[in-house]
Amino acid sequence: MKCKLICTIAATASLLASCGASAKSDLQRTEINQGWTFSRADSSAWLDASVPGTVHTDLLAAGVIEDPFYRDNELKLQWIDKKDWIYKTIIKVDDKELDKNRIEILFEGLDTYADVYLNDSKIISADNMFRTWRADVKQVLKSGDNELKVYFHSPIRVALAKYDSLSYQLPCFPTNDQSYIGGLDGKMVNMHNRKTASHFGWDWGPRFVTSGIWKPAYLISWNGAKIENIHYQQGKIDKEKAEVLAVVELDAAADENVMVKLSAKGDKLAEQGFSLKKGLNVIELPVSIKNPELWYPAGSGAQPLYDMQMEISKDGQLLDRNTQKIGLRTIRVVQQPDSVGASFYFEVNGRPIFAKGSNWIPGDNFLPRFRKPQYEKLMTDAVEANMNMIRIWGGGIYEDDAFYQVCDSLGILVWQDFMFACAMYPSDNAYLESVRAEAIDNVKRLRNHASLAIWCGNNEMTSGWHNWGWKNRKSYTDENKKEMWDGYTRMFFEMLPEIVNQYDSQRFYWASSPSSSFTGIQNNQSGDVHYWKYRGKKLPISVFRTEIGRFMSEYGFNCSATSKTVDKYTEEQDRDFLSPVYKGHVKSGEDPELTIYYMDTMYRGKTDFYSMIYISQLFQADALKFAIEQHRLNMPYCMGSLYWQLNDCWPCSSWSSVDYYGEWKASHYFVKKAFERTIVVADVNPESGMITTYGITDGDKVENVELSTTLIDFNGNVLNGAKQTFTLGENTSTKITEGKIAELLGTNAPTDCLLTLELKVDGKVIAENIAFFCEYKDMKLPASDVKCKFATVKDGIEVELTSDTFVRGVEIAVAGEGVFVNDNFFDLLPKQTKKVFIKGDVAPKDITVSDFSKHKK
Ligand code: BMA
């Protein structure tokens, strides 16, 4: 624990009376969200605006533009980022407020190049959307009406000037800055700004380079002292006691004697007096919590949160109050050297955690549209799918407080990148200083969250520099290269770790994802791994059997959005995988052709549009299931599997498992099963001719577990079967059996049968799975005939499905909005009865059932 004292504080507890502060604080904080209008700088037409908001969404609300996400509207709206825009409103201030000792304006986020004027005095000149901007406005404000005006310079024109002033082009991954859509003549400028990189077009995202007051703005006035920031540093934590040191920054309007009271869950922990000096003070309040309830990631325990409330008062008058929730736990990243390299895993409260999760991109290209309910929905989807970790990828944003609050309460650990992705960035001092301010702001804002597990410098910059040919580009002189690499070193090996060490010393910092060590290029023996190579070479998905690192922080499979979502952004004539509109929503460059390749080689599906949507989803689902199972069966060598990507920022084809409108793709159902606490897997390896079974659990050791394997044909006839009793190891993968595929199959053809697996404890099934012996396209599936019975139940409908024969990938499609099917795309075993619950206002006529055999040639 450490803290920097800015001035000498005398603890004067005995001199001051107890708090007893009145409920209403003297500090006044008013959100400036009313009466905003906006205009193009070269026009005099003023329209209503929303703050927080963006120019694009304001233009949409005003009816000036059509929905940017519809069809190819993206191409028609590229003019917006070339313009300057002005926002203005009136702030009313009365004499009482004006009399306060201190008055400031705080912008939590300005996107991006903004000059702020109050009554025609320039008070802020902003150039970084990731940091807060504030100004002391006591001298500029007047009683009555005050005009607040924000002038946004075109981010593109500012960035182009920066681009042109550099003698060389900073490298950037080609599909990750789609400048050609914006008419920039190939000039990739995203990295010249401190702004969401994906706004410039990404391999899953549109190119809409926004401007706007994207986070709340406040007018804050006070007389006594304002709580600037609190750092709840967690010391020794065990069952008996948790030691917490509250390090508090207080901004005092004058020299003051104040009382500071800290309580948790309503119980007073400490109360102490302090003498403050005018200006910024740092005080410390050590407290201890008896018999603490510890916080765990989802699946490992509960998520108790302590409501911490701090009150600052003077003579019984409350000056300011701050409440926030903290979770008590220890967390560390363990890199234990071993015979191959070194481990890389998270340990919470002394227990190793296999990280099950996905990567997160901004929830909406127009960021302010994504708020707490949307965060709650998506993170609940993540927990429903048995995840315990999410990686906030570096080309988006440091998310809103609401995001981390949701993660704290649901038990989702957060891997937090700093905002750098897939490019080299400028390294001049001004740029570095801007990053410094941004990093300090965000580290201080987020460090109290129980869910925050790791800070990571950037996404794929080490890979880009060393592996993607950047450092060897012929166009660079030695001097250029030195400048870029020196900048990289200063930023990611020096400045950011120093900031984390200074402001959040209890958290682990990792310079780049992926890397094998603090400075090392990724490998499968240490550190974290992004595995994408299969795409370029069109390798079979079975390559995921061998490409396994210690912690898989990215890998993924592209597919279509759900048909419901595709129908929303297309018209009839667009509904073709190769139509310009459909392809305009597939940003990855290689897709949809690459997806079509896998669909064809693995499934041989029909080529009508909706069959292709179905097959592309099944492909993604099967592939993710395979990869996750491989990662988990290699536990504890591999201790993390975060697939790319959970969500979308617009309706599109991508690697997401939940699409832009929140619909679960087939993969989300498969991921949910593959991430169950305990799973059973049969690894059928045609290359070696072997079949190996595994029991894998995140839980405790279980003795006398029974594995039943049954080989059946597609009509349900039992061809072979075995039972095995074994001990399931604690928090690991246990190999149960190994044998020859040929011996198991005997005279049965691989195309005609499947293997069911069941793990039982005391007669109760704890895990089940199915394994196949050939490519899906070669399976000789009988024509399906699924019978459905419907029953109206509370909040929806229950469907009971049966079939005489085996049915692959049963899809239950439901017309209408706001419906949720609790299981989907599942395999139905012969004569099995399967019950599915459909939540929502649905009738049987809205429900269509199909399956793989119907979409297969
Ligand atoms: C990863 C990410 C993203 C990208 C994704 C899919 O490497 O870091 O930049 O969108 O791959 O290509």
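This is a predicted model, so every value here is computed, not measured.

## Points about the side chain of Lys 215
Now for step 1: Relative to the assigned elements, Lys 215 resides in the loop between β12 (205–207) and β13 (217–222).
Now for step 2: Here Lys 215 is buried and forms no salt bridge, its nearest opposite-charge partner Asp 400 lying at an N-O distance of 4.7 Å.
Now for step 3: If we ignore the near neighbours within four places in the chain, the residues touching Lys 215 are Pro 52, Glu 108, Gly 109, Asp 400 and Arg 445.

## Here's the deal with the sheet that holds strand β15 (residues 241–252)
Now for step 1: If you walk across this open sheet you meet the 3 strands as β14-β15-β18, and the pairing is antiparallel. With partners counted over all chains shown, the strands left at the sheet margins are β14 (225–237) and β18 (279–290), one partner each. Sheet twist, expressed as the mean angle between neighbouring strand axes with direction ignored, is 20°.

## Brief notes about the site of the ligand
Now for step 1: The ligand sits among Asn 176, Trp 202, Asp 203, Trp 204, Trp 393, Cys 422, Asn 459, Glu 460, Trp 532, Glu 554, Trp 644 and Trp 655.
Now for step 2: Here an oxygen atom of the ligand and a side-chain polar atom of Glu 554 are 2.7 Å apart.
Now for step 3: Contact with the protein chains hides 93% of the accessible area of the ligand, taken as 300 Å² for the molecule alone.
Now for step 4: A breakdown of the residues in the shell around the ligand according to their chemical character gives 7 nonpolar, 2 polar and 3 charged.

## Structural notes on the packing of helix α13 (residues 593–602) against helix α14 (residues 609–633)
Now for step 1: Interhelical geometry of α13 versus α14 gives an angle of 85° and a closest axis separation of 10 Å. Relative to α14, the element α13 is oriented roughly perpendicular. Taken together, the residues of α14 that come into contact with α13 (itself represented by Thr 595, Ile 596, Tyr 598, Met 599 and Met 602) are Met 612, Ile 615, Ser 616 and Phe 619.
Now for step 2: In the contact of α13 with α14, the residues fall into 7 nonpolar, 2 polar and no charged.

## Quick word on the pattern of salt bridges
Now for step 1: One pass over the full model with this rule turns up 61 salt bridges.
Now for step 2: Between Asp 81 and Lys 82 there is a salt bridge, with the nearest N and O atoms lying 2.8 Å from each other.
Now for step 3: We note a salt bridge from Asp 700 to Arg 351, for which the minimum N-O separation is 3.4 Å. Of the two residues, Asp 700 is situated in the loop between β33 (690–697) and β34 (702–713) and Arg 351 in strand β23 (residues 351–353); the sequence distance between them amounts to 349 residues.
Now for step 4: Each of Glu 104, Arg 134, Lys 226 and Glu 228 takes part in salt bridges that share partners, so that together they form one network.

## A closer look at the sheet that holds strand β8 (residues 121–126)
Now for step 1: Taken together, the 6 strands give an open sheet; going across it, the order is β4-β3-β5-β10-β7-β8, and neighbouring strands pair in antiparallel fashion. For this open sheet the edge positions go to β4 (47–48) and β8, each flanked by a neighbour on one side alone.
Now for step 2: Direction of pairing for strand β3 (residues 37–40) relative to strand β5 (residues 85–93): antiparallel, over a ladder of 4 bridges. Bridge pairing links Phe 38 to Tyr 87 in β5.

## A few points about a negative patch on the surface
Now for step 1: Where like charges cluster on the molecular surface, the negative patch consists of Asp 428, Asp 478, Glu 479 and Glu 483.
Now for step 2: Locating Glu 483 in the fold gives a position in helix α9 (residues 478–503).
Now for step 3: Classification of Glu 483 as partly exposed rests on a relative accessible area of 40%.

## Observations regarding the side chain of Thr 89
Now for step 1: By secondary structure assignment, the location of Thr 89 is in strand β5.
Now for step 2: Residue contacts for Thr 89: discarding those within four places in its chain leaves Ile 32, Gln 34, Gly 35, Trp 36, Asn 146, Glu 147 and Leu 148.

## Comments concerning the pairing of β33
Now for step 1: Across the 8 residues that make up β33, a large majority, 7, are buried.
Now for step 2: Relative to β33, strand β32 (residues 678–685) runs antiparallel, the two sharing 8 bridges. Bridge pairing in β33 links Ala 682 to Thr 693.
Now for step 3: Hairpin connection, β32 to β33: the antiparallel pair is bridged by 4 residues, and Gly 689 has positive phi, about 75°.
Now for step 4: As paired elements, β33 and strand β36 (residues 732–740) share 8 bridges and run antiparallel to each other. By the bridge assignment for β36, Ile 696 is matched with Ser 733.

## Focus: the packing of aromatic side chains
Now for step 1: All told, the structure shown has 67 aromatic pairs when counted by the stated rule.
Now for step 2: Look at Phe 577 and Tyr 582: their rings are 4.7 Å apart centre to centre, the planes differ by 15°, and that puts the pair in the stacked class. Here Phe 577 matches Tyr 582 in class, with each residue buried.
Now for step 3: Of the aromatic side chains, those joined through ring pairs into one cluster are Phe 420, Tyr 425, Trp 465, Trp 485, Tyr 488, Phe 492, Phe 493, Tyr 509 and Phe 518.
Now for step 4: The residue whose ring lies beneath Lys 88 is Trp 46, and the NZ or CZ to ring-centre distance is 3.9 Å.
Now for step 5: The ring of Phe 826 carries the charged tip of Lys 834 above its face, separated from the ring centre by 4.8 Å.

## Description of the packing of helix α5 (residues 372–384) against helix α6 (residues 401–410)
Now for step 1: Orientation of α5 relative to α6, taken along the N-to-C sense of each, is 35°, at an axis distance of 9 Å. Of the two possible hands of crossing, α5 and α6 adopt the one that is right-handed. The residues of α6 that touch α5, namely those facing Lys 372, Tyr 375, Glu 376, Met 379, Thr 380 and Val 383, are Ala 402, Phe 403, Gln 405, Val 406, Cys 407 and Leu 410.
Now for step 2: Within the contact of α5 with α6, the residues separate by chemical class into 8 nonpolar, 2 polar and 2 charged.

## Describing the nonpolar core
Now for step 1: One finds Trp 360, Phe 403, Phe 418 and Phe 557 to be the most contacted residues of the largest nonpolar core, which totals 141 residues.
Now for step 2: Ranked by residue count, the leading element in this core is α14, at 13 residues.
Now for step 3: Beyond its immediate stretch of four places on either side in the chain, Phe 418 contacts Gly 394, Tyr 398, Ala 439, Val 443, Trp 455, Cys 456, Gly 457, Asn 458, Leu 496, Val 500 and Tyr 509.
Now for step 4: Ranked by size, the runner-up nonpolar core spans 52 residues in total, among them Ile 80, Ile 103, Trp 204 and Cys 649.

## Digging into the environment of Ala 264
Now for step 1: One can find Ala 264 in strand β16 (residues 256–264).
Now for step 2: Placed 42 residues apart in sequence, Ala 264 and Tyr 306 show a C-alpha to C-alpha distance of 5.9 Å.

Calculation criteria
Residues numbered from 1 in each chain as written. Predicted model: local features only at pLDDT ≥ 70, side-chain atom pairs only at ≥ 80, totals over all residues. Heavy atoms only, no water. Helix = DSSP H or I, 4+ residues; strand = E, 2+ residues; numbered from the N terminus. Buried < 20%, exposed > 50% of the residue type's maximum accessible area, 1.4 Å probe, protein only. Lys, Arg positive; Asp, Glu negative; His and termini not counted. Salt bridge = Lys/Arg side-chain N within 4 Å of Asp/Glu carboxyl O. Contact = heavy atoms within 4.5 Å. Pairing = 2+ DSSP bridges. Axes fitted to C-alpha atoms, helices over the stretch in contact; angles between N-to-C directions. Near = heavy atom within 4 Å. Polar contact = N/O pair within 3.5 Å; in protein donor to acceptor, adjacent residues only side chain to side chain. Areas by Shrake-Rupley, 256 points an atom, 1.4 Å probe, with all protein chains shown as cover. Nonpolar A, V, L, I, M, F, W, Y, C, P; charged D, E, K, R; others polar. Parallel < 35°, antiparallel > 145°, perpendicular 65-115°, else oblique. Patch = residues over 30% accessible without salt bridge, like charges linked within 9 Å, V, L, I, M, F, W, Y side chains within 5 Å. Charge placed at Lys NZ, Arg CZ, Asp CG, Glu CD. Phe/Tyr/Trp six-rings, centres within 6.5 Å; stacked < 30°, edge-to-face > 60°. Lys NZ or Arg CZ within 6 Å of the ring centre and 35° of its normal. Left-handed = near helix turned anticlockwise from the far one by under 90°. Core = buried A, V, L, I, M, F, W, Y, C linked by side-chain atoms within 4.5 Å.

Keep in mind these values describe shape, not function.
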